[in-house]
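Summary of the model geometry
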Amino acid sequence: MTSLLTRSAFRWFTSVCAGACLLVPLAKVSAHAAQPSLAAPVADLCNSTDPSTVLQANPQALPAQAHWLHGVLLQWPTHTALTNGHRFSLLASPKSRLQVQLGRPAEGVEQRWPLRISPGPLSPALRQRFDFLKPGVLLQMPPLPGATQRDLHTQQNVLVEEDAQGRVVAATRVQAAGALDALFAPSAQAVHLGPSFHGQQVKLALWAPTAQQVQLCLYPGATTPASQMQVLQRDATSGTWSATLPAKATGAYYRFAVTVHVPGVGLVRNLVTDPYAVSLSANSLRSQILDLNDPALQPANWMRDTPPATVRQATDMVIYELHVRDFSISDDSVPVADRGKYLAFTHGQSRGMQHLKALARAGLTDVHLLPVFDLASVPETSCLSPQPSGSANSDSQQAAVKAVAAQDCFNWGYDPFHFNAPEGSYASDAQDGTRRVIELRQMVQALHRAGLRVGMDMVYNHTSASGQHAQSVLDRIVPGYYQRLNDQGVVERSTCCDNTATEHVMMEKLMSDSVLLWARHYKMDSFRFDLMGHQPKKAMMRMQQRIEKALGRRIDFIGEGWNFGEVANGARFVQASQMSLNGTGIGTFNDRLRDAVRGGSASDTPERIQADQGYISGLVLQPNALARAGQSPQDLMKVADQVRAGLAGSLRTYRMTTATGEPRALQDIPYGTQPTGYVQEPSEVVNYTENHDNLTLWDSLAFKLPRTTSAAERARVQVLGAALVAFSQGVAYFHAGQDILRSKSLDGNSYDSGDWFNRLDWTYQTNHFGTGLPPQQDNGHLYPLMCDLLPDPALQAAPADIAFARDAFRDLLKIRASSTLLRMPTAADIHQRLRFFNVGPTQNPAVIAAHLDGRGLRGARFDEMVLLLNVDARPHSLSDAALQGKALQLHPVHRDPAAADTRPAQLARHDAATGRFEVPARTALVYVLPASTSDTKPMDSPK
């Protein structure tokens, strides 16, 4: 089908082009009338392997300390008003010839705009947007026509203070985002960027308001030389450049040649792909013109494909976080050619798909894919797959992996290249841009048929590169706009990489347009946002409302709400962070529950990683050899309160009796310097004990549990960690392989650790613990501990341990799915129906005990439910007077002869007369009172 599409698509290259097309054949290249010096032969321009050509060098790199606030107003922070006859001016040069040296008159000045000091005050909107700027002089441009204001931003410009003799006293570049948003964005917001299709025409549109010229290079194929070049037309109001082509151009590949001033470089022609590209050639070298509505790009029955109706509200979500390559690269039940690819999911009888189907039957609702948009770090052709070997604690495995890390086939993918195009390394043919589109859709379709909704991990907080780097797309088109800059005009990198500025109108548009594309054209059901706290709360809310309105269905948003970096504590805007999203319904990850359950924090130091045990990893009850001295039952009680808070959905105003005996709202219980309870509704909290970041739970327990703990007992502890997520109010989130004791051989940051340290074994024979020291870069500080742990046979999971954990996990999902009591939709329900007992200063902190009232709750299925979880290595008993006389029964899942964990049925006891319970060691169990009246409505679910 690919070759047929290609042949039919390119007949138009040899046909006569319509007058509006403005295509320039190879033999008839002409100069652009307004810029004759910028013209170049097609063969030289379009086929160049150099992504940039400097037309006028100007390496002067002044800091950018000043800011355009809108089209005519500037602020120069920390700079004072004029004295002694000095003056402020904005100097400009269309040809990038400005040279500024302190104590001398500026050179290369082609335009000069005198500035006056503005008395202010700023409007409320400007004051809010630029509140992060330090005080300084406010400057006003002279009255200028709108066209002149807009044209100014296509030039090099410098803000100077000069003395009476015209000598430069101070100089700075001006950060332009405020002006570009004011002058161009109001019109550009409504423009469809990228390729769009209109009858017999296709239109390409690029937002490049600072460009002096944009040319379009067209290629018949992914690797063929250019056949045509076109000079794009500029819309001065929106700053958008566009070209109109015959519809038969569909399937062609293209790049833009953008002529633009780049600070510190000069006037440059950048050969760059389309930031709105919907598909690409291999290694993202060329964008491809595709109509995502084209039936040729749709798998059979794609238009009739619908997600399973398993999620009525966000709290119904039970998510499995999965990496596309991890899923099948080691699965020999998948054909070799499809391993590590989108198509692996279409093999319904493979071990991996059978695993996912079993989870779906048990109650899993969503698979969340680590990034599947176009990545920068993985070679899409001829990538390498090393085959390491060595002993349990050898460093040879990591050495083999790291030796080819830049050329191997693996990366998590948190390095965005193109936000709107599928990643090519997961396609059967990365060079054919149609394959990645079709095959990603086939994967989504296969997961839907398996009973699972599909979510994507989105990374809009940074790009893989900025500036003139070859993999920088946005910044080579509109320099300095899409990236967030510090007070000197340098790109912020607090996220690890080159931060984007989603507070700028057109970066927010790109993010919103992108999410809508994935939801509409790939039928994604939910989205996880990486480092979402670096994005504005309002932007996230607008985006979700827009998408749901456009599609007529609910789209669930969750994300990392961490508060750090240059935006911390609302420094630049109200963030989409944990403390700010109350009332939005957007969920954030719950580090409070995670840390209480596991112990320590996400990145423990060598001194803390063993000493800081958690609720399930032995705190007080089973201290390890390096546990903190002097810990008491009161310490365990405080952690138990943190766990109870998680079970209550971390609601701000939920009240419970704490370890001190004092009834307190969860927001009044401290978690470091923050409140333990931080959400308004349960849909706003995502509970987890393991995800792709940091140590897996099995590996964390390897450090924290006493060394004498057997592998079988470690598997039980792992199940307790899953139970605390399954029984918590809110969204439940699990890492792929958590249910089969996944180990990364103690790798705490496996983003670039290759297949070796990220393997999954769907044969359930091994969890890959003890397969070598993990990469030294992020783990070397722990090598002395790791060398001791990795060969320990007690830490090696046997097939029986893995099978137990797998089946016990599925039983937990069945219990959660059986009743809306474990996933109540509103805070009001939780306040009314959830009660903890065995609390206060006289509690037994080894056991969490909760009662849930299901009367009148839709889908509850039980009048009452009791949750009991014992983290001790010995059994415990406790009583609750309020439950005397209740004919409670073990949950039907526990009573099933096929139940994985036999301790509840064999060892648990309940005395109805006294309300007393006997809870087996390291066991999570549920008692229920069957519904006796009609006020408990059945759950209307396809399960």
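Up top is the structure.
Owing to the predicted nature of the structure, the values given are computational and were not obtained by experimental measurement.

Details of the overall build of the protein
Per the secondary structure count, the protein includes 23 helices and 43 strands. Its C-alpha atoms give the protein a radius of gyration of 30 Å, near enough to 30 Å, the size a compact globule of 943 residues would have. In terms of principal-axis extent, the alpha carbons of the protein reach across some 95 × 70 × 60 Å. Taken across its 943 residues, the protein has 62% of its residues classed as buried. Of the contacts made within the protein by residues no fewer than 6 positions apart, 75% connect residues no fewer than 24 positions apart. Just so you have it, the protein exposes about 32700 Å², and 52% of that area is on carbon and sulfur atoms. Of the side-chain charges in the protein, 86 are positive and 83 negative, and the distance between the mean point of each set is 5 Å.

What to know about the packing of aromatic side chains
Here the structure, examined in full by the defined rule, presents 24 aromatic pairs. Ring centres 5.2 Å apart and planes at 85° place the aromatic pair Phe589 and Tyr688 in the edge-to-face group. Taken together, the residues span a long stretch of sequence, with Phe589 in strand 29 (residues 587-589) and Tyr688 in the loop between strand 34 (685-687) and helix 16 (697-704) at a distance of 99 residues. Pair check on accessibility: Phe589 and Tyr688 agree, each one buried.

Let's talk about the sheet that holds strand 8 (residues 156-162)
Spatial strand order, 9-8-5-6-7-4-3-10: eight strands in an open sheet with mixed pairing. Since the sheet does not close on itself, it has two edges, and those belong to strand 9 (168-172) and strand 10 (174-175), each with one partner. In terms of strand pairing, strand 8 meets strand 9 through four bridges, oriented antiparallel. Bridge pairing links Leu159 to Thr172 in strand 9.

Describing the nonpolar core
Counting residues in each nonpolar core, the largest one holds 216 residues, and the members touching the most others are Leu356, Trp518, Phe527, Tyr615 and Phe727. With ten residues, helix 17 (residues 711-726) is the largest single contributor of residues to this core. With near-sequence residues (within four places) excluded, Phe727 lies in contact with Leu647, Leu812, Ile815, Leu822, Leu867, Ala924 and Val926. The next biggest cluster of nonpolar side chains, apart from the first, holds 16 residues, and it includes Val866, Leu883, Leu888 and Leu890.

Remarks on the side chain of Arg476
Looking at the secondary structure, you find Arg476 in helix 11 (residues 474-477). Notably, Arg476 is buried but unbridged: the nearest opposite-charge side chain belongs to Asp50, and the N-O separation is 7.2 Å. Sequence-distant contacts of Arg476, defined by excluding residues within four places in its chain, comprise Pro51, Ser52, Val258, Val260, Asn270, Leu271, Val272, Gly467, Gln468, His469 and Ala470.

Examining the environment of Ala921
With respect to the helices and strands, Ala921 occurs in the loop between strand 42 (916-919) and strand 43 (923-930). Along the backbone, Ala921 and Asn624 are 297 residues apart, and their C-alpha atoms lie at a distance of 18 Å. In this structure, Ala921 is in contact with Arg716, Asn870, Asp872, Ala873, Arg874, Pro875 and Arg903, ignoring residues within four places of it in sequence.

Some words on helix 10 (residues 433-449)
Here helix 10 is 17 residues long and its end C-alpha atoms lie 25 Å apart, about the 24 Å a rise of 1.5 Å per residue gives. Within helix 10, 15 of the 17 residues are buried, which leaves the element mostly enclosed by the surrounding structure. Looking one or two residues beyond helix 10, the residue adopting positive phi is Gly451, at roughly 95°.

Thresholds, definitions, all that
Residues numbered from 1 in each chain as written. Predicted model: local features only at pLDDT ≥ 70, side-chain atom pairs only at ≥ 80, totals over all residues. Heavy atoms only, no water. Helix = DSSP H or I, 4+ residues; strand = E, 2+ residues; numbered from the N terminus. Rg over C-alpha atoms; globule rule 2.2 N^0.38 Å. Buried < 20%, exposed > 50% of the residue type's maximum accessible area, 1.4 Å probe, protein only. Contact = heavy atoms within 4.5 Å. Areas by Shrake-Rupley, 256 points an atom, 1.4 Å probe, with all protein chains shown as cover. Lys, Arg positive; Asp, Glu negative; His and termini not counted. Charge placed at Lys NZ, Arg CZ, Asp CG, Glu CD. Phe/Tyr/Trp six-rings, centres within 6.5 Å; stacked < 30°, edge-to-face > 60°. Pairing = 2+ DSSP bridges. Core = buried A, V, L, I, M, F, W, Y, C linked by side-chain atoms within 4.5 Å. Salt bridge = Lys/Arg side-chain N within 4 Å of Asp/Glu carboxyl O. Expected span 1.5 Å × (residues − 1).

None of the figures reported here should be taken as evidence of function without further support.
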